[in-house]
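Examination of the molecular architecture
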Amino acid sequence: MIVTKTSSFTAPKGVPDYVPPGSAEFVAVRDGLIHAARLAGYGHIELPVFEQTALFARGVGESTDVVSKEMWTFADRNGESFTLRPEGTAGVMRAVIQHGLDKSGQLPLKLCYAGPFFRYERPQAGRYRQLQQVGIEAIGVDDPALDAEVIAIADAGFRGLGLDGFRLEITSLGDETCRPQYRELLQEFLLGLPLDEETRRRAQINPLRVLDDKRPEVRELTANAPLMIDHLSESAETHFEQVLAHLDALGVPYVVNPRMVRGLDYYTKTTFEFVHDQLGAQSGIGGGGRYDGLMAELGGQPLSGIGFGIGVDRTVLALAAEGKAAADPARCQVYGIALGDAAKARLVALAGALRGAGISVDLAYGGRGMKGAMKGADRSGAKFTLVLGDRDLEENSIGVKEMATGEQRQVPLGEVVGVLRSALGH
Ligand code: HAM
């Protein structure tokens, strides 16, 4: 073990902490996105944050950046290789196969997850080495209406948070009947171009990825490259048209982007990305698609699947860029101040009763004076402040101050829970 003597510690580079008050925004965004999935019947799945390395190599694809450059891989004490999960879909499929979830109920099997994922990327604004996603997967039914449902859930999740400066880009990556021919066609085209050695090699291994090259000279060379969308099989084309028709009916706006390339190899047919205009280079706030061959590839039965992963960190940044907030900034609804020991004992008990009634309460601790305690009340964002002195206690009443108006009135101690409940709409 390496022990470094240091006087202070910091979180690893590119790994964010979520601390108050910003953490409230993070939780509101994550929960808002999960809520959108719950409304469509997706059940929760909680998976390990590390899996056997081979699962990701096989599932996500050896030639992807995610697998070849960005995995956090380590050997355990027995020398077995594990990797911190870079994404959620491969792990979900592993669990579905392992537990036979695809054989024990009605299809599609609908699953939703949230948590940290790990990619060894160069950290910058909106790009982290530990990132947070909310994801869903719908497994076992190849129906364009299901594709539209998955996409509409992401769209509704974003809009439910108040976000609107984004666009949905969508395309079809074809199926096993048309993709191999297209791949050959694209490869032939690319190998006829004056590309540098490394790019030529990429064209040989994974030609689609060359279309994602950001360098202007490569973009210019590939401007007239053949596109998958012009070479779809009849069934893939019909599937795509039906997805778009369902999106129209759902009122979900989209733009078709036939040059879209996703960073993971398992995609087939419908593929999509949500792009936000105000986030600079890291503009992808969510993405997903079909992965009809993945389950068989990982040793399961040949079932189709579709899902998405939404970047919670980037969605938080997008809301901030739009000047919007998803969370109520208040830390509590009621703040309590006691003046005197007996009053304090009574207020502590009252705080317990209020919390039991579903009201969030914080107290002024540490015997600060009235002025300091009122500052605490202001900072807490509470709607009501309770002031209890030993004299009030003798009279069996408590001061209730409404912070917005500054109005204060005495309320019998026995009634204060009921009074606050109705004032707060509980
Ligand atoms: P992905 O596009 O690789 O897809 O990631 C989904 C989202 O995670 C991205 O759109 C982005 O918002 C966020 N994200 C990715 N990398 C980072 C990073 N380094 N820092 C911050 N945010 C990041 C997947 O992971 C697929 N598993 C989605 C899926 C589910 N496809 C089908 N089912």
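Below, the structure is looked at part by part. (Residues numbered from 1 in each chain as written. Predicted model: local features only at pLDDT ≥ 70, side-chain atom pairs only at ≥ 80, totals over all residues. Heavy atoms only, no water.)

The next thing to look at is the site of the ligand. Lining the immediate environment of the ligand, one finds 27 residues, of which Glu 87, Glu 121, Glu 137, Tyr 267 and Gly 284 sit closest. For the ligand, a nitrogen atom lies 3.0 Å from a polar atom in the side chain of Tyr 266. In this structure, Ile 285 approaches the ligand through a main-chain N or O atom, which is 3.4 Å from an oxygen atom. Protein coverage of the free-state accessible area of the ligand, which is 660 Å², stands at 96%. Every element with two or more residues in the shell around the ligand is listed here: strand 6 (130-139), strand 10 (284-290) and strand 11 (305-311). Broken down by element, the shell around the ligand gets its largest block of residues, six residues, from strand 10. (Near = heavy atom within 4 Å. Polar contact = N/O pair within 3.5 Å; in protein donor to acceptor, adjacent residues only side chain to side chain. Areas by Shrake-Rupley, 256 points an atom, 1.4 Å probe, with all protein chains shown as cover. Helix = DSSP H or I, 4+ residues; strand = E, 2+ residues; numbered from the N terminus.)

All chains considered together, the criterion is met by 12 aromatic pairs. Aromatic rings pair up to connect Phe 158, Phe 166, Phe 272 and Phe 274 into one cluster. Across from the ring centre of Phe 117, 4.2 Å away, lies the NZ or CZ of Arg 85, which sits over that ring. One cation-aromatic arrangement involves Arg 129 over Tyr 120; the distance from NZ or CZ to the ring centre is 3.8 Å. (Phe/Tyr/Trp six-rings, centres within 6.5 Å; stacked < 30°, edge-to-face > 60°. Lys NZ or Arg CZ within 6 Å of the ring centre and 35° of its normal.)

A cluster of like positive charges, contributed by Arg 368, Lys 371, Lys 375 and Arg 379, occupies part of the molecular surface. Mapped onto the elements, Lys 371 comes out in helix 14 (residues 370-380). Residue classification places Lys 371 among the exposed residues on the basis of a relative accessible area of 76%. (Patch = residues over 30% accessible without salt bridge, like charges linked within 9 Å, V, L, I, M, F, W, Y side chains within 5 Å. Salt bridge = Lys/Arg side-chain N within 4 Å of Asp/Glu carboxyl O. Lys, Arg positive; Asp, Glu negative; His and termini not counted. Charge placed at Lys NZ, Arg CZ, Asp CG, Glu CD. Buried < 20%, exposed > 50% of the residue type's maximum accessible area, 1.4 Å probe, protein only.)

Attention shifts here to the sheet that holds strand 3 (residues 72-75). Reading across the sheet, the three strands line up as 2-4-3 and stay open at both edges, with antiparallel pairing between neighbours. Each edge of the open sheet is held by one strand with a lone partner, namely strand 2 (50-52) and strand 3. Looking at each pair of strands side by side, their axes are set apart by 35° on average, direction ignored. Lying on the sheet, helix 2 (residues 53-60) is in contact with strand 2, strand 3 and strand 4 (81-84); it crosses strand 2 at an angle near 80°. (Pairing = 2+ DSSP bridges. Axes fitted to C-alpha atoms, helices over the stretch in contact; angles between N-to-C directions. Contact = heavy atoms within 4.5 Å.)

As a further point, take the packing of helix 13 (residues 341-356) against helix 16 (residues 416-423). Running from N to C, helix 13 and helix 16 point in directions that differ by 45°, and their axes come no closer than 10 Å. Viewed along their axes, helix 13 and helix 16 adopt a mutual orientation that is oblique. Regarding helix 13 and helix 16, the two cross each other, and that crossing is right-handed. Contacts from Leu 350, Ala 353 and Leu 354 of helix 13 reach helix 16 at Val 416, Val 417 and Leu 420. When the residues that make up the contact of helix 13 with helix 16 are grouped by side-chain class, the tally is six nonpolar, no polar and no charged. (Parallel < 35°, antiparallel > 145°, perpendicular 65-115°, else oblique. Left-handed = near helix turned anticlockwise from the far one by under 90°. Nonpolar A, V, L, I, M, F, W, Y, C, P; charged D, E, K, R; others polar.)

Moving on, we get to the packing of helix 1 (residues 22-38) against helix 5 (residues 144-160). It is the contact of helix 1 with helix 5, at a shortest axis distance of 8 Å, that shows an interaxial angle of 140°. Relative to helix 5, the element helix 1 is oriented oblique. Between helix 1 and helix 5 the crossing geometry is right-handed. Contact residues: Leu 33, Ala 36 and Ala 37 in helix 1; Ile 153, Gly 157 and Phe 158 in helix 5. Counted by class, the contact of helix 1 with helix 5 contains five nonpolar, one polar and no charged residues.

Quick look at the environment of Gly 358 now. Of note, Gly 358 is situated in the loop between helix 13 and strand 13 (361-363). The exposure class of Gly 358 is partly exposed, given its relative accessible area of 44%. Leave out the neighbours within four places in its chain, and Gly 358 touches Gln 333 and His 426.

The mixed open sheet is built from eight strands, whose spatial order is 1-5-6-11-10-9-7-8. The open sheet has two edge strands, strand 1 (43-44) and strand 8 (255-256), and neither has a second partner. Taken together, the two bridges between strand 1 and strand 5 (residues 109-118) define a ladder with parallel strand orientation. In the strand pairing of strand 5, Gly 43 is matched with Leu 111.

Counting residues in each nonpolar core, the largest one holds 59 residues, and the members touching the most others are Tyr 42, Ile 151, Leu 247, Phe 272 and Phe 274. Among the nonpolar cores identified, the runner-up in size contains 29 residues, and Leu 55, Val 60, Val 96 and Tyr 266 belong to it. (Core = buried A, V, L, I, M, F, W, Y, C linked by side-chain atoms within 4.5 Å.)

The grouping of Asp 341, Asp 390, Glu 394 and Glu 395 at the surface amounts to a negative patch. Tracing the backbone through its elements, the reader meets Glu 395 in helix 15 (residues 390-395).

Attention shifts here to the pattern of salt bridges. A full pass over the atoms with the stated rule returns 22 salt bridges. Among the ionic pairs, Glu 198 bridges to Arg 202, the shortest N-O distance being 3.7 Å. On the criterion of helical spacing, the pair formed by Glu 198 and Arg 202 is a turn pair, its members being four residues apart in helix 7 (residues 197-205). A residue is classified by how much of its surface remains accessible, and Glu 198, at 48% relative accessible area, is partly exposed. The exposure class of Arg 202 is partly exposed, given its relative accessible area of 27%. The salt bridge involving Asp 292 is made with Arg 290; its shortest N-O contact spans 3.0 Å. Exposure remark for Arg 290: the relative accessible area of 0% places this residue in the buried category. Residues joined in a network through salt bridges with shared partners are Asp 142, Asp 147, Lys 269, Arg 290 and Asp 292.

Read these as layout, nothing more, since geometry by itself doesn't imply function.
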